Amino acid sequence: MAQLVTERPGKPEVIENRLYINGQFVPSQSGSTFDIYNPATEAHSASVYEAGPEDVDLAVAAAKAAFPAWSDLNALQRAHHLEKWANALEKCAPELAYLDAICMGKPINSDFFGSLAPTMVRVFASKALDILGDTSLNTPNFMNMTLRQPYGVCGAIIPWNGPVPTMIMKVGAALITGNTIVVKTSEKAPLSCLLAARCAQEAGLPPGVLNILSGYGRPCGEAIARHMDIRKLSFTGSTATGKLIQRMAAESNLKSVDLELGGKSPLIIWDDADLSKAVPAAAQSILANSGQVCIASSRVYVHAAIAQQFIDLLTTTMREMGKSGDPLDPSTMRGPQADAAQFERVQGYLQLAREEGVEIHLGGGREGSQGYFIEPTLLSNVPESSKLVKEEIFGPVLVVNTFTDEEEVMTRANDTEYGLYASVYTRDMSRALRAAKRFEAGSVCVNCTSPMMAFDMPFGGWKGSGQGQELSRYAMDCWTQLKSVFIAL
Ligand code: NAD
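Residues numbered from 1 in each chain as written. Predicted model: local features only at pLDDT ≥ 70, side-chain atom pairs only at ≥ 80, totals over all residues. Heavy atoms only, no water.

**A word on the overall build of the chain**
Alright, step 1. On a plain count of helices and strands, the chain comes out with 15 helices and 22 strands.
Alright, step 2. Whereas a compact globule of 489 residues would reach a radius of gyration of roughly 23 Å, the chain reaches 23 Å, a difference of no more than 12%.
Alright, step 3. In the chain, which comprises 489 residues, the proportion classed as buried is 57%.
Alright, step 4. Contacts in the chain between residues at least 24 apart in sequence constitute 74% of all its contacts with a sequence separation of at least 6.
Alright, step 5. Of the accessible surface of the chain, which amounts to about 19,500 Å², a share of 54% is contributed by carbon and sulfur atoms.
Alright, step 6. With 42 positive and 52 negative side-chain charges, the chain shows a separation of 4 Å between the mean positions of the two kinds. (Helix = DSSP H or I, 4+ residues; strand = E, 2+ residues; numbered from the N terminus. Rg over C-alpha atoms; globule rule 2.2 N^0.38 Å. Buried < 20%, exposed > 50% of the residue type's maximum accessible area, 1.4 Å probe, protein only. Contact = heavy atoms within 4.5 Å. Areas by Shrake-Rupley, 256 points an atom, 1.4 Å probe, with all protein chains shown as cover. Lys, Arg positive; Asp, Glu negative; His and termini not counted. Charge placed at Lys NZ, Arg CZ, Asp CG, Glu CD.)

Structural data, given as structure tokens:
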């Protein structure tokens, strides 16, 4: 049953904790629940029904039953459904922010991504009439064409660091192209997506078109990845889990898989860079969401000629911008790490920094004694072979190293298994464009950095950061399969 809560503005009257299957909120078949704790206070936030394989089967059956009618709708009718969902989401914005705050510590006033959710749904709705095939008259006596058709029942598995927008990037594209979908949210932050489900229910989205399950990777996520009736799966999360997903898809029905994975994104600052812009942007990139952003610029390469000046300015800026507080306080800019596990993970890297004897210009430890807060941390002169440079820390921890030569810095920037995002600051446009071409990454910023994204630009990773695209017209291709039709004249 839903739990009653009583305090704080933005707090929903009830917190929905059930699964959303076939247009209804239902307890899990097993009746088992798991607990969520507020990472700022370590207090209990909610108990949530945990989906198992039997719940996945029910959700997939509902999605399968809903598919024929949904895919047969006039595309504009599907768009109309999405627009109604967007309107309902917009009204719930304060509650959505509240629920993320008590699950994973995102400040309620943080504009990062969350308030974009209804807009994102509307952007997908606007694509309704653009899902088209091609025709060809190139073969004599034939008129040939391609059809773009939905897969049928799709799956989505998402992380916790931006639950509703991450879900909408998948659900919006899947639904407008005529698919139905089963989503598994992260066990760390399931509540806001359940409220988004409530919005879909109130907006009249037909039952079974969207199903949302709360649960763990094992067994719920695995049951989705291995399900024989799911033909398309989009996963966002770590590269390690992405590899497992790919394997499970291959071992079951070879479902089509899109992967949006981790990053260790380089940011190059040349000696002619406008530091009044580069410094706050670098600080914002690593501090937003307490560094728990896949596209965070977590490796900075600064030209040796300005390194000291840059580090001094950045230290001051990170100290100022990185002030932390209660995520439910509207004046708070930065919250804690999402949970005890994320906190321990970041602490492990800070311990490594101390053991390796790298320079610590700012932070380097826990902040306060309650909650999972980590100090904004700036490290420099870190060996390129160190895990601090190679691995995704997913915390407010920035590594700054120096360079002098273009060839050398581009090689170091690309010397990673990740390829999600990369940035360069310079006034020399030829040099900037050489970097844009040379970076091995799915998104490149020139004189800007993450979280820069645009609805009409594709988002996806190169190398170990993934495959497939989200947003833009290219996302429509990922959620449709192509068919060639040959017509003899
Ligand atoms: P994670 O890989 O631990 O979990 C992601 C999701 O996968 C969760 O829902 C989890 O329950 C599920 N899962 C875990 N094990 C599974 C299994 N064996 N089978 C099926 N599902 C399983 O990642 P996380 O900690 O939730 O998220 C952080 C990671 O996500 C970071 O690496 C971050 O860079 C990445 N991320 C990438 C993007 C992107 O768009 N590229 C966006 C956000 C986050």
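**Points about the pairing of strand E12 (residues 232-236)**
Alright, step 1. Taken across its five residues, E12 has five buried, putting it largely inside the fold.
Alright, step 2. Residues Lys 232, Ser 234 and Thr 236 of E12 are buried on one face, and the alternating residues Leu 233 and Phe 235, pointing to the opposite face, are buried as well.
Alright, step 3. In the sheet, strand E9 (residues 153-157) pairs with E12 via four bridges, with the strands oriented parallel. From the neighbouring strand, Cys 154 faces E12, where its bridge partner is Lys 232.
Alright, step 4. Pairing of E12 with strand E13 (residues 256-260) involves five bridges; the strand directions are parallel. When the bridges of E13 are listed, Lys 232 appears paired with Ser 256.
Alright, step 5. A crossover links E12 with its parallel partner E13, the connecting element being helix H8 (residues 239-251), and its sense is right-handed. (Pairing = 2+ DSSP bridges. Right-handed = clockwise from strand over helix to strand, strands pointing away.)

**Section: the sheet that holds strand E14 (residues 266-269)**
Alright, step 1. In spatial order, the strands read E16-E17-E18-E15-E14-E19-E20; together these seven strands make up an open sheet with mixed pairing. Of all strands in the sheet, those bounded by a partner on one side alone are strand E16 (359-362) and strand E20 (443-446). Put simply, the sheet's adjacent strands are angled 20° from each other on average, direction ignored.
Alright, step 2. The pairing of strand E15 (residues 299-303) with strand E18 (residues 397-403) spans five bridges and is parallel. Of the residues in E18, the one forming a bridge with Arg 299 is Val 399.
Alright, step 3. Sitting on the sheet, helix H13 (residues 406-414) is in contact with E14, E15 and E18, with an inclination near 150° to E18. (Axes fitted to C-alpha atoms, helices over the stretch in contact; angles between N-to-C directions.)

**Let's talk about the confidence of the model for the chain**
Alright, step 1. Per-residue pLDDT for the chain has a mean of 96; in total, 97% of the residues score no lower than 70.
Alright, step 2. Taken together, the stretch residues 1-6 has pLDDT below 50 and engages in 21 contacts with residues farther than four places along the chain or on a different chain. (pLDDT = per-residue confidence, 0-100.)

**Notes on the pattern of salt bridges**
Alright, step 1. As enumerated under the stated definition, the model contains 24 salt bridges in all.
Alright, step 2. Of the charged contacts, one joins Lys 106 and Asp 100 as a salt bridge, the two residues approaching to 3.9 Å between their closest N and O atoms.
Alright, step 3. On the accessibility criterion, Lys 106 (8% relative accessible area) is buried.
Alright, step 4. Salt bridges sharing partners connect three or more residues here, namely Glu 16, Arg 18 and Arg 198. (Salt bridge = Lys/Arg side-chain N within 4 Å of Asp/Glu carboxyl O.)

**A word on the site of the ligand**
Alright, step 1. As a matter of local geometry, the ligand sits amid 29 residues, with Ile 158, Glu 187, Ser 238, Thr 241 and Glu 392 nearest to it.
Alright, step 2. Among the secondary structure elements, those contributing two or more residues to the shell around the ligand are strand E10 (180-185), helix H7 (217-225), E12 and H8.
Alright, step 3. Counted by class, the shell around the ligand contains 14 nonpolar, 10 polar and five charged residues.
Alright, step 4. Mapped onto the domain boundaries, the shell around the ligand takes at least three residues apiece from domain 1 (3-261 + 465-488) and domain 2 (266-454). (Near = heavy atom within 4 Å. Nonpolar A, V, L, I, M, F, W, Y, C, P; charged D, E, K, R; others polar. Domains from an automatic or database assignment.)

**A look at the UniProt feature "active site" (unreviewed entry) in the chain**
Alright, step 1. If you check UniProt for "active site" (unreviewed entry), the listed places come out as Glu 260 in our numbering.
Alright, step 2. By the secondary structure assignment, Glu 260 is in strand E13.
Alright, step 3. Excluding anything up to four places from it in sequence, Glu 260 contacts Lys 170, Phe 235, Thr 236, Gly 237, Phe 459, Gly 460, Gly 461, Ser 465, Gly 468, Gln 469 and Glu 470. (UniProt positions renumbered as here; feature names shortened; annotations may be inferred.)

**A short note on the domain arrangement of the chain**
How big an interface is tends to be stated in terms of accessible area lost as the parts join.
Alright, step 1. Looking at the chain, the domain boundaries give domain 1 (3-261 + 465-488) and domain 2 (266-454).
Alright, step 2. Contacts between domain 1 and domain 2 engage 25 residues on the former and 33 residues on the latter.
Alright, step 3. A combined buried area of about 2,400 Å² lies between domain 1 and domain 2, and 58% of that area is made up of carbon and sulfur atoms.
Alright, step 4. Along the contact surface separating domain 1 from domain 2 lie two salt bridges.
Alright, step 5. Note that Asp 339 and Lys 188 form a salt bridge whose closest N and O atoms lie 2.8 Å from each other.
Alright, step 6. Across the domain 1-domain 2 interface, the total number found is 10 residue pairs in polar contact (both at pLDDT 80 or more).
Alright, step 7. Broken down by element, the residue count for the side of domain 1 that touches domain 2 peaks at five residues, all from helix H3 (residues 93-104). (Buried area = accessible area lost by both parts, 1.4 Å probe. Polar contact = N/O pair within 3.5 Å; in protein donor to acceptor, adjacent residues only side chain to side chain.)

**Points about the packing of helix H2 (residues 75-91) against helix H6 (residues 191-202)**
Alright, step 1. At a minimum axis separation of 8 Å, H2 and H6 run at an interaxial angle of 130°. Comparing the axis directions of H2 and H6 gives the class oblique. Of the two elements, H2 crosses H6, and the hand of that crossing is right-handed. Packed against H2, whose contacting residues are Trp 85, Ala 88 and Leu 89, the element H6 presents Ala 196, Cys 199 and Ala 200 at the interface.
Alright, step 2. For the contact of H2 with H6, the residue count by class is six nonpolar, no polar and no charged. (Parallel < 35°, antiparallel > 145°, perpendicular 65-115°, else oblique. Left-handed = near helix turned anticlockwise from the far one by under 90°.)

**Concerning unusual backbone geometry**
Alright, step 1. Cis geometry is found at the peptide bond from Arg 218 to Pro 219, where omega equals 5°.
Alright, step 2. Turning to its location among the elements, Pro 219 is positioned in helix H7.
Alright, step 3. Cis geometry is adopted by the peptide bond preceding Pro 451, which originates at Ser 450 and carries an omega value of 15°.
Alright, step 4. Along the chain, the position of Pro 451 falls in the loop between E20 and strand E21 (466-467).

**Section: the environment of Phe 235**
Alright, step 1. Relative to the elements of secondary structure, Phe 235 occurs in strand E12.
Alright, step 2. Note: C-alpha distance between Phe 235 and Lys 64 (171 residues apart in sequence) is 20 Å.
Alright, step 3. Not counting residues up to four positions away in its chain, the partners in contact with Phe 235 are Ile 157, Lys 170, Thr 241, Gly 242, Ile 245, Asp 258, Leu 259, Glu 260 and Leu 261.

**A few points about the packing of aromatic side chains**
Alright, step 1. For the structure on display, the rule yields five aromatic pairs.
Alright, step 2. Measuring from centroid to centroid gives 5.6 Å for Trp 160 and Phe 394, while their planes differ by 80°, and the two rings are edge-to-face. You can see Trp 160 sitting in the loop between E9 and helix H5 (163-176) and its partner Phe 394 sitting in the loop between helix H12 (387-390) and E18, a full 234 residues away along the chain. Residue Trp 160 shares its accessibility class with Phe 394, and that shared class is buried. (Phe/Tyr/Trp six-rings, centres within 6.5 Å; stacked < 30°, edge-to-face > 60°.)

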